[in-house]
Amino acid sequence: MAPITRRTSFPSVIIDKDTESEPSSSEEEEEEEEEEEEVQDEVEEEEVSEINNEKEAEESLDPKRKGKAPICISLKKVCKVCKKAGHEAGFKGATYIDCPMKPCFLCKMPGHTTMTCPHRVATEYGVIPAPHKSSRNPLAYVFECQLGRRRTRFKPAHVIPDQVSCAVIRYHSRRVTSLEFHPTNDNILLSGDKKGQVGVWDFDKVYEKIVYGNIHSCIVNNMRFSPANDGTVYAASSDGTISCTDLETGMSLSLMNLNPNGWQGPSSWRMLYGMDLNKEKGVVLVADNFGYLHSMDIRSNNKTGEAILIHKRGSKVVGLHCNPLQPDLLLSCGNDHYARIWDMRQIEARSSLYELAHRRVVNSAYFSPISGSKIVTTSQDNRLRVWDSIFGNLDSPSREIVHSHDFNRHLTPFRAEWDPKDLSESLVVIGRYISENFNGAALHPIDFIDTSTGQLVAEVMDPNITTISPVNKLHPREDVLASGSSRSLFIWRPKEKSELVEQKNEGKIIVCGRAEKKHKRGYESDDSDDDTFSSKGKNSKSKRSKLKSHVSTHKTKR
DNA sequence: ACGACATGAAGCC
DNA sequence: TGGCTTCCCTGTCG
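Source: prediction; values computed, not measured. (Residues numbered from 1 in each chain as written. Chains lettered and ligands numbered in written order. Predicted model: local features only at pLDDT ≥ 70, side-chain atom pairs only at ≥ 80, totals over all residues. Heavy atoms only, no water.)

Draft legend 1. Local environment of the domain arrangement of chain A. With domains assigned, chain A is organised as domain 1 (83–118) and domain 2 (177–422). In this structure, domain 1 and domain 2 have C-alpha centres spaced 35 Å apart. With 4 residues of domain 1 in contact, the opposing surface of domain 2 contributes 7 residues. Between domain 1 and domain 2, the buried area comes to about 420 Å², and carbon and sulfur atoms account for 53% of it. Between domain 1 and domain 2 we count 1 salt bridge in total. A salt bridge links Asp406 to Lys108; its shortest N-O distance comes to 2.5 Å. (Domains from an automatic or database assignment. Contact = heavy atoms within 4.5 Å. Buried area = accessible area lost by both parts, 1.4 Å probe. Salt bridge = Lys/Arg side-chain N within 4 Å of Asp/Glu carboxyl O.)

In structure tokens:
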């Protein structure tokens with residue numbers, strides 16, 4: 001498949017006169033600004049009362065400036081980022097204009113803004129392959145050896161689920177923090193939120209909503225199904241507990257509680273972040289916000305051994321992942337800017353096999369799903385890094401990809417995750433922070449990136465989804481993508497399959513990918529207080545009201 | 001159509 | 001080390 005850059009797949013947007021970012025209006029604004037700059041000079045506060053012009057008065061009444069001493073008030077428009085006059089940062093229509101005084105918001109380098117950042121124009125620009133290393137994956141290498149030059153295309157084109165197939169709006173009451181597909185039941189998705197609630201959603205039955213509210217009291221950071229029993233799920237939470245829940249009954253056991261004495265202040269409150277299950281060893285591994293790794297025996301629910309310091313003392317360990325092929329290998333990452341590889345047989349403080357250095361906090365680190373020979377990390381320096389243990393070495397990343405996934409305290413941290421179905425172990429999915437103007441709407445796409453080339457394979461978006469989607473999970477068997485936005489869940493399928501699903505579910509509420517009618521403010525802020533709705537067809541409203549009664553199985557136990 | 005606010009990490013002293 | 005301040009493309013509620 002020929003690599004597709006953003007340029008070719010999304011030709012430059014022609015601004016429609018009907019859209020918000022009408023060129024004529026922005027011209028007017030600019031003219032207005034110029035006028036203001038000419039007319040308005042700095043004035044003393046005393047003069048403020050004499051100002052009759054409403055507009056001028058409004059602008060001069062800055063509450064922060066209220067004081068007794070005579071102070072100067074600038075009526076010039078001021079950049080909200082650097083507080084200097086002469087330019088303004090912010091949205092002009094659906095396009096965000098960066099402050100030129102700050103380093104690029106995307107690549108963090110000074111000298112240019114996001115608008116002119118080379119990484120924005122073509123994502124593969126500046127993608128750094130390490131010298132003298134092959135970035136090809138091991139399977140590709142084997143194929144190449146076997147087939148030589150006679151080979152045609154062994155790597156199938158990636159199938160991208162890019163159409164919203166169904167959605168539940170406001171499934172959660174707080175932002176979604178984790179998603180997990182059921183290991184055997186194809187239509188079951190688990191979602192955890194900031195409040196500690198765990199949702200079980202069958203996206204074949206979009207009106208049925210089950211939310212367990214009694215399992216955790218705050219952020220559900222990670223969920224994993226039991227390898228022995230697929231009706232049981234483990235979850236790690238910032239309330240300092242690991243829960244083990246039976247999905248049928250909703251009955252939950254607390255396996256570990258790091259805060260047995262309750263809240264004693266923020267300096268002692270322990271939170272659990274990274275979690276993974278080690279099937280071979282029969283343990284639940286979990287890491288806390290003080291740098292320690294804990295393990296529990298799955299069968300006896302007993303703690304095994306003492307907690308081990310695996311990251312800088314006092315720093316958060318946000319991710320843990322067991323190698324899919326080598327059960328002795330464990331990968332951790334955290335706020336001390338490192339991802340580390342450990343040998344489970346001889347794990348103790350400072351005994352890591354490798355330290356993968358990053359410039360900022362590492363949000364996530366995952367072994368590749370099949371061979372486990374590659375690692376993808378997501379760091380808050382806006383870069384994805386691929387580390388290849390076979391064709392590279394672990395001293396430096398074999399590739400760095402600039403990608404917008406900035407940290408924001410109000411967003412769940414972005415995590416790049418491998419496509420578990422991709423045999424070439426190259427495709428990852430990650431939400432994008434920075435918005436882009438798509439036909440007049442500022443949208444935050446979900447990106448599919450081929451880590452073997454650094455290229456953006458697809459950017460998935462829907463005009464109705466105006467929120468950022470930091471949590472994304474690819475289905476382990478089907479061409480399905482689940483996205484968690486601020487409070488809503490979305491299921492994406494490839495276009496042709498979406499149509500099939502729509503036919504199959506005739507009469508059910510399905511949110512179609514290409515809404516005919518443009519929702520100005522998107523799904524999330526629709527007036528409707530329904531939990532699900534369709535943007536399709538003229539009779540969707542009547543369908544909605546008919547089906548409203550179905551949305552009633554909200555099981556909240558407390 | 002606003003303002004308040006939730007609340008994590010970096011950077012400075 | 002710790003106690004501030006600042007922050008940039010949020011999103012919701014009142």
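Draft legend 2. Up close: the packing of aromatic side chains. Summed over the entire model, instances satisfying the criterion amount to 7 aromatic pairs. Seen from their ring centres, Phe91 and Tyr96 are 5.2 Å apart, and the 85° between their planes marks the pair as edge-to-face. By relative accessible area, which is 31% here, Tyr96 ends up partly exposed. An angle of 65° between the planes, with centres 5.9 Å apart, marks the rings of Trp201 and Phe203 as edge-to-face. Look at Trp201 and you get buried, because its relative accessible area is 0%. With relative accessibility at 2%, the residue Phe203 sits in the buried group. Ring-pair connections join several aromatic residues into one group, and the members of that group are Tyr171, Phe181, Trp201 and Phe203. Across the ring face of Phe105, the terminal group of Lys108 is positioned such that the distance to the ring centre comes to 4.8 Å. Note that Lys209 overlies the ring of Tyr171, its terminal NZ or CZ placed 5.5 Å from the centroid. (Phe/Tyr/Trp six-rings, centres within 6.5 Å; stacked < 30°, edge-to-face > 60°. Buried < 20%, exposed > 50% of the residue type's maximum accessible area, 1.4 Å probe, protein only. Lys NZ or Arg CZ within 6 Å of the ring centre and 35° of its normal.)

Draft legend 3. Focus on the protein's contact with DNA strand B. Every residue lining DNA strand B is accounted for by Lys194, Lys316, Asn335, His337, Arg360, Val361, Phe407, Arg409 and His410. Counted by atom, the contact set of DNA strand B within 4 Å of the protein is 50% sugar and phosphate. Between Asn335 and DNA strand B, the recorded distance is 2.7 Å, taken from a side-chain N or O atom to a phosphate oxygen. With respect to DNA strand B, the side chain of His410 contributes an N or O atom lying 3.2 Å from a base nitrogen. (Near = heavy atom within 4 Å. Polar contact = N/O pair within 3.5 Å; in protein donor to acceptor, adjacent residues only side chain to side chain.)

Draft legend 4. Region of the structure containing the sheet that holds strand β8 (residues 188–193). Spatial ordering of the open sheet is given by β7-β8-β9-β10, a layout of 4 strands whose pairing is antiparallel. In this open sheet, the two strands that pair with only one neighbour each are β7 (176–181) and β10 (210–212). Neighbour to neighbour, the strand axes of the sheet diverge by 20° on average, direction disregarded. Where strand β9 (residues 198–202) and β10 come together, 3 bridges link them in antiparallel fashion. Across the sheet, Val198 pairs through a bridge with Tyr212, a residue of β10. (Pairing = 2+ DSSP bridges. Helix = DSSP H or I, 4+ residues; strand = E, 2+ residues; numbered from the N terminus. Axes fitted to C-alpha atoms, helices over the stretch in contact; angles between N-to-C directions.)

Draft legend 5. Quick look at the pairing of strand β32 (residues 455–460). Most of β32 is tucked away: 6 of the 6 residues are buried. Pairing analysis gives 5 bridges linking strand β31 (residues 446–450) to β32, with the strands arranged antiparallel. Considered in β32, the bridge of Phe448 is made with Ala458. Counting the residues between successive antiparallel strands, the hairpin from β31 to β32 contains 4 residues, one of them, Gly454, with a positive phi of roughly 85°.

Draft legend 6. Representation of the environment of Val460 within the structure. Structurally, Val460 can be placed in strand β32. Assessed through its relative accessible area of 1%, Val460 is described here as buried. Placed 95 residues apart in sequence, Val460 and Ala365 show a C-alpha to C-alpha distance of 23 Å. When neighbours within four sequence positions are excluded, Val460 is seen to be in contact with Ile160, Pro161, Asp162, Pro445, Ile446, Phe448 and Trp492.

Draft legend 7. Summary view of the environment of Asp202. Looking at the secondary structure, you find Asp202 in strand β9. Classification of Asp202 as buried rests on a relative accessible area of 15%. Considered as a pair, Asp202 and Asp186 are 16 residues apart in the sequence and their alpha carbons are 8.8 Å apart. Beyond its immediate sequence surroundings of up to four residues, Asp202 is in contact with Asn187 and Ile188. There is a polar contact of 2.8 Å between the side chain of Asp202 and the backbone nitrogen of Asp204.

Draft legend 8. Examining the UniProt feature "repeat: WD" (unreviewed entry) in chain A more closely. Residues given the UniProt feature "repeat: WD" (unreviewed entry) here are residues 169–204 and 355–388. Helix makes up 0% of residues 169–204 and strand 47%, and the two end C-alpha atoms of the span are 15 Å apart. Annotation note: span residues 355–388, helix share 0%, strand share 62%, distance between end C-alpha atoms 14 Å. (UniProt positions renumbered as here; feature names shortened; annotations may be inferred.)

Draft legend 9. Structural view of the nonpolar core. Ranked by size, the top nonpolar core spans 17 residues in total, and within it Leu179, Leu189, Trp201, Phe203, Leu489 and Ile491 carry the most contacts. Counting only elements with at least two residues in this core, the list comes to β6 (163–168), β7 and β35 (489–493). At 3 residues, the largest contribution of residues to this core is made by β7. Setting aside chain neighbours within four positions, we find Leu189 in contact with Leu179, Glu180, Phe181, Gly199, Val200, Trp201, Phe203, Ala482, Leu489 and Ile491. In this structure, Val429, Ile446, Ala458 and Phe490 belong to the second largest nonpolar core, which totals 16 residues. (Core = buried A, V, L, I, M, F, W, Y, C linked by side-chain atoms within 4.5 Å.)

Draft legend 10. Focus on a nonpolar patch on the surface. Residues Val81, Phe91 and Tyr96 make up a contiguous nonpolar surface patch of about 260 Å² in total accessible area. Checked against the element boundaries, Tyr96 lands in strand β4 (residues 95–97). (Patch = residues over 30% accessible without salt bridge, like charges linked within 9 Å, V, L, I, M, F, W, Y side chains within 5 Å. Areas by Shrake-Rupley, 256 points an atom, 1.4 Å probe, with all protein chains shown as cover.)

Draft legend 11. Fine view of the confidence of the model for chain A. Per-residue confidence for chain A gives a mean pLDDT of 77; residues scoring 70 or more make up 70%. For residues 1–74, every residue scores under 50 in pLDDT, and the model assigns this stretch 73 contacts once sequence neighbours within four places are set aside. This model gives residues 506–521 a pLDDT under 50, and the stretch forms 49 contacts once residues within four places in sequence are excluded. (pLDDT = per-residue confidence, 0-100.)

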